[in-house]
Structure formats: structure tokens, C-alpha cells
Amino acid sequence: MPDSLRFPLSITLLVVIGLLLAVPWHNARGQAPETTLLITGAVYDSQDQPVADALVSLHEANNDEALTETLTQPNGRYSLTLPETIPNQLTVWVEREHFQPEIVRLDTDAMQSLHAGQPIVLPVTILQRQITASFWIATLIFIGMLALIAFGKLHNTLAALLGMSAVFAVSYLGRPLSEELFIFTFRGALHYVDWNVIFLIMGMMIVIAVVERTGVFQWLAFAAYRLSKGRIWLLVIILMAVTGVASAALDNVTTMLLMTPITVQIALALGINPLALLIPEVMASNVAGISTLIGTPTNILIGSYAGLSFNDFLTNLTPGVLLAMLGLILYTQFVYRQELRANKANGVSALMVEKLAERAQITEPDHLKKAGIIGAFMLILFVAGEAIHLVPAVTAIMGATALLVWIRPDIEEMIEAVDWTTLVFFIGLFVVVGAVQEVGLISIIADGIGNLVGSNLLLAVLVVTWFSALLSTVIANIPFTAAMLPVVGYLTATIPGAQSNVLFYCLSVGSAMGGNGSLIGASANMVTAGIAERAGYAISYAYFFKKGFPALLITVSLATLWLIFHFL
Amino acid sequence: MSGIVCALRGGPASQPTINRAVSLAKETALPLFFLYVVNLEFLDRTASSRTHTISKEMAQMGEFILLTAQTKAEAQGITAQGIIRHGNVTEEITALCHEVGADYLVMGQPQIQKDDNVFTAVLHQAFVAQIEAQTGAKVVLAEEA
């Protein structure tokens, strides 16, 4: 196909798919109105959350044999169709694994209505949690998975797969021994897998794979060097800005993978310690990444769970991120003041600068131009897509496909560039977190935090933000965020004023900026440390903590102030 | 062929190694080869599928590290060659020693570390014995600064 046709074809494909997805297909098939006599109601747990897949059955008095039965929908609602002959006494039984069963006796008024041919709506049935052996087993599996990840005993993905397999093994092999060992079915587990997250990450990975091969990062880093005219204090600010913007548009790990080697080269050319540039860069990456929906995996998780759009993050979080970045810049200028004030004339290697200039070329300008155009369309769809209910995952997949059609890279290479291990990690993680959610651990944690903060939104903001930030220094922030989502969802539903979703933004701030508190707090830190160590500049845990923890305190404080100012 | 192989990682810790290699080259008049090995095993637990992404960038970073060593040697009248290899550090050092028929292999003093770095004390001793046995090259350990 001629290259001139690929662009219009790609854009047409993007637009057509978008329009097709925007068509409300669910309305195409009209549903016949239900005329059968019904008993309707809803089943909730003690935290006012709907309980799906609860078995609701209708019985004559206390007769074990059900006259009719149904399962509750994801919104907790159910409709029971009545038999032709209505007995004089009816009871509704509600049963669900991990909950105590409930029996609701229909009172005289309800029975009279039914005999008169009128449908009735029962009061909401509240199910109480039941702690069984499966609760403890799922909890142990979850903690075990976190420990394996935290101590680096297994690859993250392997740890998540092990956890997922253990959950299924207990459910399927344990159930014949005792019903109490059952956690959930395979089908039930899949309900917890957030495919919006999986597809959004996959789509963005393909786009990133194209962009990262164009040499744009090397070009940007050298442009920063030239712009600074050798003033190291200015160079570090520009590099932080470049890294921050790149982290907001791509992901932090990719950004640091590409920025670290070129930064080391610039530092060597200038004769300064590379850590004076690298540490501010990685901290900027952790802070600025959360300014968009797609900037960090944690934001993708939060956005998908809470239904927060690209615009929501931009309008509600970006000002706070800018404030935190300002604080971070001032802090890094202070903490690295000796290195940043170094006289440039002392250590600059003309030969190395010349080599840097040679390498700072856009290697694939055509691909970069096309990626830029598609990226701009994607940005428009991310921003405007909310109006037509276009979910970000679909935009990412459409953008990635359009880009591949347009530039026609080696498709095998592009598929290999997708980080499948991360996607599998997410699937395993969703299942394990789903298991502890299913057995009630998350509810207990939510109850605990709920009792602690009561109906005080300010206290909730502080607790969620700082609890997340401090825990993210020792626990991998992705599983932590995944586990915290239902907790924050509960707090959002129960605390007056929290319906603005402020607590989800607190979780975003805490889990991402908390990554600056320790070397293991973020994958981007580990990647940066790995590359720096390969250049002979090891970043120890103590060194990172000494530089990073004050940065955590400053940035999280500033972001918290913004959230309080903006929402409360 | 004959020569001196000097395996580098870069950074301040490599300066005594570079100095020792340069002084040895001056003493023996043997050609000097600085070696940097691009090893991406550190990505195994965080970003294992991204090795293709930064392999080239890491090699370029290695070239800069070698360039600093070469510049330092040049200042002392020694023209050294910089060599970049990809893969396992031990295997690549061994391979280069074979290729150049190295008489000497200059390395840094071992540092006791908790990670699986090739230069831990026990591995270092075993590695020294292995290299000397395999290539006949004498291993020279640079004194710390």
C-alpha cells in the first residue's frame, strides 16, 4: 500500500471504530416489558455494597424445597417470578458463600398484595460476613504474595501466578473436603479481572514501543544540556521537567529506562556525579507520572475502578502535581547544591560532548512524526471520549492499531515489545486481590479505617494519603493500590462529601509519591539504580532513603494541601 | 597476540583499576584493552521484557565509560582500545582474554556485596583461578584508592 494512503486509512480506521463503539448497541434490541408477577429486592453487605451472585429462593413457609430461585445481579438486585398458585405463607432465603444466610418472612400486607395480583418490593436484605477457613487461607496467600514481591524472592509475575494458582487450588481441590475452603469459581474470579486496565496498558505499550525507538529521549536530553548552556542547576531542572512530562504521557519505567543511560553520559561529559541528575529525575518521574490517567499503572487501576476520566485526573490532580514538582525542584536544588554549583569549566569533556551531539539524533523521524499525529488524536479521544462513553482502553487499542497500520513495523518485534509479563502479573494480582475481597478481608480493613475516620472527610483525606504514601515505601504500590481500591470505594460511599472521589486522588498521590520514600518503593527507582550501578555509581538503600524520604514528605504534603484546598 | 585486559564498570571505584592497568601497560609495553560488559540481568525482576529497549543505550553508556578510561590512558602516553561486549560478565571477560591472548587481566579489588554481583569475594577468588587456568593470563588486582 502506498505510504500516502496509510495515514488517511489509519485515521479513518480510528474514527470508524470510535463511532461504532459509540453506537448504543444495547438499545438495538428492544426488550419486551415484563408482566409476570414479581417479588423484587436487593441484597447488600454490611457496608452497603451490592452483593452479586447471591442465591435468592422463594419457599413455602419453612419448606426446604424452593418454589423458584434466582441469582442477584452485579447491582445486588433480584426479581423472583411467582408460581401460579401462591401459598399462604412465603419466605425468601438469601444465601451466598462467605456470608451468613438470611431468611425473610413475607408479612401479611405483602401476602395480601401478592394475592391481589400486585408485585411487591422487599426491603434491602443485609448480609453479614462469615469468617471461614477460606478467609484465613486467602489472607495468607495474599500476604505471602506481597512478601515474595517485597523481598524479591520471586519475579512479581511469578508471585502473582503462584498466588492465583493457590487460590484456585484451595477452591477446587479443597471444596470436596470442606465447603469452608471454597473461595470462588474460575468464572467468579474472572469478574475481578479488570480488562479495561489490561487493554489500556497493552495499547499504550505498543505506542511506547514505537516512540522509544525513535531516539526522541536522547534528543530531548541533549536539548536539555544545550538549553542549560552548561549551568548544571538549570540542567537538572530541565531534565526533571522533561522526565516529568514524559512520565505523564508514557510510563515511569520506560521513561527512566531511556533517560538514565543518556543522563549518565551527560554527567560523565560534564564531569559531575550522575546521581545528582538521576535522583532528581526519578523522583520527578514518580511525582509527575500521576498527572494523567495513563501516566502510572496505579492511576490506570484507580481510573478504571472509580470511573475517573482522563479529564478528571488533569483537572483535579495536575495542579497539585505541579505544586509538588515545584517543591521537589527546590528541594533537589538544596540537597545537591554542591554538585549543581560545580564550575562547568572544570570537568567538561569536549570529545564526549561532541559524541553526545552525534548521538542526539532522531533516528526514525518519520515514525516519530506519525506517532505524534496518532498521539494527538489519542489525546483528543482521551479528553473528549468521555462524552460518548469511549473508555480509555478502547482509545489506546485503536491508537496502537492505527499506528501499526500506518507505519507497518515488524509486527513480531512490536508484539515482543508488549510487556506480557506485566499483563500476566496484573491478571494474577486481580485474582488474588479478588480472593481477599471475596472472603471479606477488604471489608474488615474498610470497616477498620471507616471506624477510625468516622464521618470526618479531612481525617479520611489525611489517613488515605499518608497511609498509602508510607506503605508504598515498603510494599509494591501496584498490589497495594489494587487492594486499597475497594476500601477507598467504601469510604467514598459512606463519608459525607467524599462522593467527589477525593479519596481516590489521595490514593493516587500516596501510592505514587510514596515511591520516592525508598529504593524499593517504585519500579522506576530499581531500574534507575540498576543502570547507575552498571555505570559504577551504586545507589544504596540508605542513600536513596536519605535523599528520597524528605522528598516524600515535601511532595505528599504539598499535594495533600492542594487536595484539601480543591475538594474540602 | 598478547596484551592487557582491564575490565571496567566505571565510576570512582574503577579509577585505581584504570591507573594500575595504565602503569602496567607502561611497564610492559603491551597493548591495553579496556572492556565494558553490558549486562542487563538487573532488569530480570522489574522489567525483563525491556532489555531490547535499552541494550543500545547501555552500550553507548559503556562507550562513555571506556572513553573516560581511554582519555586517562592517553594523557599518560598509552593508547588503549575500548571494547564493548553484551552478556554474562565472567564469560565475556574470559572470551576476550582468549581472543587477545591476554598476559594480564587487571581487575578491581573484590567488594563484599549482598547482591549476586560477580565480584563477591568467593566468586572473585574462583574467577581469578579460573581465568588464570584457562588463559594463562596473570590476574592483577588493583589497590583501592
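Only a predicted model underlies this, so the values are computations on that prediction, with no experimental measurement involved.

## Quick look at the overall build of chain A
A tally of helices and strands in chain A yields 25 helices and eight strands. Radius of gyration (C-alpha) of chain A: 27 Å, near the 24 Å computed for a compact globule of 568 residues. Taking all 568 residues of chain A together, 55% fall into the buried category. Sequence separation of 24 or more characterises 76% of the internal contacts of chain A that already satisfy a separation of 6 or more. Entry remark: accessible area of chain A is about 23900 Å², with carbon and sulfur atoms responsible for 64%. Within chain A, one finds 24 positive and 36 negative side-chain charges whose respective centroids are separated by 20 Å.

## A short note on the packing of aromatic side chains
Each aromatic ring pair is summarised here by two numbers: the centre-to-centre distance and the angle between the ring planes. All names here are of chain A. Scanning the entire structure with this criterion turns up 14 aromatic pairs over all chains. Aromatic side chains Phe425 and Phe426 sit 5.8 Å apart centroid to centroid with 65° between the ring planes, which places their arrangement in the edge-to-face category. Ring plane angle 40° and centroid distance 6.1 Å describe the contact between Phe426 and Phe430, whose orientation is recorded as tilted. You can see Phe426 and its partner Phe430 sitting in helix α19 (residues 420-439), four residues apart, about one turn around the helix. Each member of the aromatic cluster is reached from another via a ring pair, and the members are Phe168, Phe184, Phe186 and Tyr192.

## Quick notes on the interface of chain A and chain B
The partner chain B presents 31 residues to the 35 residues of chain A that form the contact. Here chain A meets chain B over a buried area of about 2900 Å², counting both sides, of which 61% is carbon and sulfur. When the buried area of chain A at its contact with chain B is split by residue, A:Leu257, A:Arg359 and A:Arg534 rank highest and sum to 23% of it. On inspection of chain A and its partner chain B, the count reaches two salt bridges. Between B:Glu63 and A:Arg359 there is a salt bridge, with its nearest N and O atoms 2.3 Å apart. If you look at where chain A meets chain B, you find seven residue pairs in polar contact (both at pLDDT 80 or more). Elements that contribute at least two residues to the side of chain A that touches chain B include exactly α6 (195-212), α9 (252-270), α15 (350-359) and α24 (523-534) of chain A. Counting residues per element, the side of chain A that touches chain B draws most heavily on α9(A), at nine residues. Residue classes in the side of chain A that touches chain B are distributed as 17 nonpolar, 10 polar and eight charged.

## Side note on the pattern of salt bridges
Residue and element names in this part refer to chain A. Tallied over the full model, the rule gives nine salt bridges over all chains. The partner of Arg96 in a salt bridge is Glu97, and the shortest N-O contact between them spans 3.7 Å. Relative accessible area serves as the criterion here: at 34%, Glu97 is assigned to the partly exposed category. A salt bridge links Arg175 to Glu179, with the nearest nitrogen and oxygen atoms 3.3 Å apart. Arg175 sits in the partly exposed class, given a relative accessible area of 29%. Where salt bridges share partners, they join Arg96, Glu97, Arg175, Glu179 and Glu438 into one cluster.

## Some words on the sheet that holds strand β2 (residues 32-38) of chain B
Residues and elements named next belong to chain B. If you trace the five strands from one edge of the open sheet to the other, you get β3-β2-β1-β4-β5, paired in parallel fashion. Bordering the open sheet on either side are β3 (80-86) and β5 (138-141), each of which pairs with just one other strand. Neighbour-to-neighbour, the strand axes of the sheet open up by a mean angle of 25°, direction not taken into account. Bridging between β2 and β3 involves seven bridges; their strand directions are parallel. Following the sheet pairing, Phe34 is matched in β3 by Gly82. Sheet strands in contact with helix α3 (residues 89-100) are β1 (3-8), β2, β3 and β4 (102-107), and its direction is about 150° off that of β2.

## Examining the nonpolar core
Grouped together as the largest cluster of nonpolar side chains are 197 residues, with contacts concentrated most on A:Leu503, B:Leu32 and B:Phe34. The biggest single contributor to this core is α6(A), with 13 residues. With residues up to four places along the chain from it excluded, the contact list for A:Leu503 reads A:Leu457, A:Ala460, A:Val461, A:Val464, A:Val488, A:Leu491, A:Thr492, A:Ile495 and A:Ala498. Counting residues in hydrophobic clusters, the runner-up holds 21 residues, among them A:Leu58, A:Tyr78, A:Val92 and A:Phe99.

## A few points about the side chain of A:Asp312
All names here are of chain A. Among the structural elements, Asp312 can be located in helix α12 (residues 310-335). Buried charge without a salt bridge: Asp312, with Arg77 as the nearest opposite-charge side chain at an N-O distance of 24 Å. In contact with Asp312, not counting residues within four places along its chain, are Gly307, Leu317, Glu386 and Tyr505.

## Re the pairing of strand β6 (residues 102-105) of chain A
Residue and element names in this part refer to chain A. By the bridge criterion, four bridges tie strand β5 (residues 90-95) to β6 in an arrangement that is antiparallel. The residue bridging Thr91 from the neighbouring strand is Arg105, located in β6. Here β5 hands over to β6 after six residues, with His98 in that stretch at a positive phi of 70°.

Calculation rules
Residues numbered from 1 in each chain as written. Chains lettered and ligands numbered in written order. Predicted model: local features only at pLDDT ≥ 70, side-chain atom pairs only at ≥ 80, totals over all residues. Heavy atoms only, no water. Helix = DSSP H or I, 4+ residues; strand = E, 2+ residues; numbered from the N terminus. Rg over C-alpha atoms; globule rule 2.2 N^0.38 Å. Buried < 20%, exposed > 50% of the residue type's maximum accessible area, 1.4 Å probe, protein only. Contact = heavy atoms within 4.5 Å. Areas by Shrake-Rupley, 256 points an atom, 1.4 Å probe, with all protein chains shown as cover. Lys, Arg positive; Asp, Glu negative; His and termini not counted. Charge placed at Lys NZ, Arg CZ, Asp CG, Glu CD. Phe/Tyr/Trp six-rings, centres within 6.5 Å; stacked < 30°, edge-to-face > 60°. Buried area = accessible area lost by both parts, 1.4 Å probe. Salt bridge = Lys/Arg side-chain N within 4 Å of Asp/Glu carboxyl O. Polar contact = N/O pair within 3.5 Å; in protein donor to acceptor, adjacent residues only side chain to side chain. Nonpolar A, V, L, I, M, F, W, Y, C, P; charged D, E, K, R; others polar. Pairing = 2+ DSSP bridges. Axes fitted to C-alpha atoms, helices over the stretch in contact; angles between N-to-C directions. Core = buried A, V, L, I, M, F, W, Y, C linked by side-chain atoms within 4.5 Å.

Function cannot be read off these values alone, since they describe shape.
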